[in-house]
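# Geometric and topological summary
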Amino acid sequence: MTVTHPKGFRASGVAAGLKANGNPDVALVVNDGPDFTAAGVFTGNRVKAAPVLWSQQVLKGGIVRAVVLNSGGANACTGPQGFQDTHATAEHTATVLRGGPKPQLIGAGDVAVCSTGLIGELLPMDKLLPGVNAAAKSLKADGGPAAAEAIMTTDTVPKNAVVERDGWSVGGIAKGAGMLAPALATMLVVITTDASANNEVLDAALREATRVTFDRIDADGCMSTNDTVLLLASGASDRQPTQEELTAAVTEVCHDLAQQLIADAEGATKHIAIEVKGAATEADAVEVGRTVCRNNLVKTALFGNDPNWGRILAAVGTTQARFEPDRVDVAINDVWICKGGAAAEDRSKVDLSGRDVKITVNLREGEMEATIWTTDLSHAYVHENSAYSS
């Protein structure tokens, strides 16, 4: 149930010494073909890490034969040397794979690079490059779980997902537990499929999938410099699904991984779905949902099991969405405690003792809707992000 479930892929994860705790920190995912088409989406942050800039260039070529990933260092804000190190990592990976047990016709321009960890420090290349060697030697057709473990930072569990279709499949791995406020990506995600599809089909499928999954989770309103989502196709199943079929399968995997990311968010005690209905436009629905989910008064109220609908309505009022304040309804866990912008059902009926919380906001302006997933703001989140340098 992972990135190596689709035919034509091998992966691995090893400990190279980048992490002080000695845990696995270098992963490798290799596409053995016969196809090597790919698509990718990246952080919307204007401050982009060197591996993001490199992988964006690689994707312009339309072919990705391998992805090398490391945790233990973001290689972000590291200047020209950081970009040179990324290039060197890709070149080294290509060289190692050309001489491996399954030699590949591969160059640096066919290798995407992903990094995650502390911003502002150069990677220890004397450890990373030998780690690539070890990862290449450890490549297996069932190596996806090891790769998922090697890309973890503050994650408490690895993230894997698979969707089966008639004769073909889509699989993926992801990492992320903080800075989950992306724009077309979130942290590090590698998705694979053994379906046959050209770059245009893959790109359309990935962008539609990320738009309604990774771009709708928002743990803390903080956007990473390294966010990357890659989709690789091997064509090894000899099946060519339609655009709609591929998009649906990729979306299902992305949704599964996105929910795992938000469920593992740093310090979270609540898993919160904010459903915005009755919006004039989808953009209005997304804006309202994202504004509510980033409101610290709402997040702390939910941490304290307080169904404070006033804070929710006040957050809605800060948006540019079309609505009339005296027509908005708000429910928490299906109890409509606000109707027409005023108190309605007894708020004591709301049970917030569990982990899952659903907030529903009905703007009563149209037929569009959207859901944003977030978490509460807890003591543990503050402690972790004050005690852990990131």
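Each chain has its residues counted from 1, following the order in which its sequence is written. With pLDDT at 70 or above as the cut-off, local features in this predicted model cover only qualifying residues; side-chain atom pairs require 80 or more to be listed or tallied, and sums for whole chains, interfaces and linings still use all residues. Computation of side-chain values covers all heavy atoms of the structure but excludes hydrogens and water.

In this section: the overall build of the protein chain. Secondary structure follows DSSP: runs of H or I at least 4 residues long count as helices, runs of E at least 2 residues long count as strands, and numbering of each begins at the N terminus. Of the regular secondary structure elements, the protein chain holds ten helices and 15 strands. Taken against the 2.2 N^0.38 rule, which gives 21 Å for 390 residues, the C-alpha radius of gyration of the protein chain at 22 Å falls within 12% of a compact globule. Reported as C-alpha extents along the three principal axes, the dimensions of the protein chain are approximately 70 × 50 × 35 Å. In the protein chain, 79% of the contacts between residues at least 6 apart in sequence involve partners at least 24 apart. Across the protein chain, the 33 positively charged side chains and the 46 negatively charged ones have centroids separated by 2 Å. What the globule rule says is 2.2 Å times the number of residues to the power 0.38, and the radius of gyration is computed from C-alpha atoms. Only heavy atoms enter the contact rule, under which two residues are in contact if any of them lie within 4.5 Å. The positive count covers Lys and Arg only, the negative count covers Asp and Glu only, and His and the chain ends enter neither. Charge positions come from single atoms, namely NZ of Lys, CZ of Arg, CG of Asp or CD of Glu.

Summarising the element assignment, Pro 325 is placed in the loop between helix H9 (309-316) and strand E11 (329-332). The exposed category is assigned to Pro 325, whose relative accessible area is 53%. Separated by 317 residues in the primary sequence, Pro 325 and Gly 8 have C-alpha atoms spaced 55 Å apart. Relative accessibility decides the category of a residue: with a 1.4 Å probe and only protein chains considered, values under 20% of the type maximum give buried, values over 50% give exposed, and everything between is partly exposed.

Glancing now at the sheet that holds strand E5 (residues 111-115). A strand pair is defined by DSSP finding two or more bridges across the two strands. Taken together, four strands build an open sheet; the order of strands is E1-E2-E4-E5 and the sheet is mixed. Of all strands in the sheet, those bounded by a partner on one side alone are strand E1 (9-14) and E5. The mean inter-strand angle of the sheet, taken between neighbouring strand axes irrespective of direction, is 10 degrees. Two strands pair when backbone bridges link them, and strand E2 (residues 26-31) and strand E4 (residues 66-70) are joined in this way by five bridges, in the antiparallel orientation. Bridged to Leu 28 within E4 is Val 68. Each axis is a line fitted through C-alpha atoms, and for a helix only the stretch in contact is used; angles between axes span 0 to 180 degrees, taken between their N-to-C directions. Its contacts with the sheet place helix H2 (residues 79-98) against E2, E4 and E5, and it is angled at close to 130 degrees to E5.

So, about the side chain of Thr 247. You can see Thr 247 is positioned in helix H6 (residues 243-263). Sequence-distant contacts of Thr 247, that is, excluding residues within four places in its chain, are made with Ala 205 and Glu 208.

Salt bridge, as used here: a side-chain nitrogen of Lys or Arg that lies within 4 Å of a carboxyl oxygen of Asp or Glu. The full count for this structure, using the stated rule, is 19 salt bridges. In this structure, Asp 203 and Arg 207 form a salt bridge, with 3.1 Å as the shortest nitrogen-oxygen distance. With Asp 203 and Arg 207 both in helix H5 (residues 199-211) and four residues apart, this pair spans about one turn of that helix. Two residues, Lys 349 and Glu 345, come together in a salt bridge whose shortest N-O distance is 3.8 Å. The exposure class of Lys 349 is exposed, given its relative accessible area of 54%.

Note: domain ranges come from an automatic or database domain assignment. When cut into domains, the protein chain gives domain 1 (9-264) and domain 2 (271-385). Between the C-alpha centres of domain 1 and domain 2 the distance comes to 33 Å. The term buried area refers to how much accessible surface (probe radius 1.4 Å) is lost by two components on association, counted for both of them together. Approximately 1,300 Å² of surface area, both sides summed, lies buried where domain 1 meets domain 2, with 41% of it carried by carbon and sulfur atoms. When the buried surface of domain 1 facing domain 2 is broken down by residue, Arg 216, Asp 218 and Ile 262 rank first, second and third, together holding 45% of it. Viewed at the interface, domain 2 and domain 1 are joined by four salt bridges. Two N or O atoms form a polar contact when they lie within 3.5 Å of each other; inside protein one atom must be a possible hydrogen donor and the other a possible acceptor, and for residues adjacent in sequence the pair counts only when both atoms belong to side chains. At the junction of domain 1 with domain 2, the criterion picks out ten residue pairs in polar contact (both at pLDDT 80 or more). Ranked by residue count, the leading element in the side of domain 1 that touches domain 2 is H6, at four residues. Three residue categories are used. Nonpolar comprises Ala, Val, Leu, Ile, Met, Phe, Trp, Tyr, Cys and Pro, charged comprises Asp, Glu, Lys and Arg, and polar comprises the others, including Gly. Counted by class, the side of domain 1 that touches domain 2 contains six nonpolar, four polar and five charged residues.

Let's shift gears to the packing of helix H7 (residues 282-293) against H9. Where H7 contacts H9, the axes come no closer than 9 Å and their chain directions differ by 130 degrees. Judged by the inter-axis angle, H7 sits oblique to H9. Classified by chirality, the crossing of H9 by H7 is right-handed. Residues Val 288, Thr 291 and Val 292 of H7 form the contact with H9, whose participating residues are Ile 312, Ala 315 and Val 316. Split by residue class, the contact of H7 with H9 holds five nonpolar, one polar and no charged. An angle below 35 degrees is read as roughly parallel, one above 145 as roughly antiparallel, one from 65 to 115 as roughly perpendicular, and any other as oblique. Helix crossings are classified by the rotation of the near helix relative to the far one: an anticlockwise turn of less than a right angle makes the crossing left-handed, while a clockwise turn makes it right-handed.

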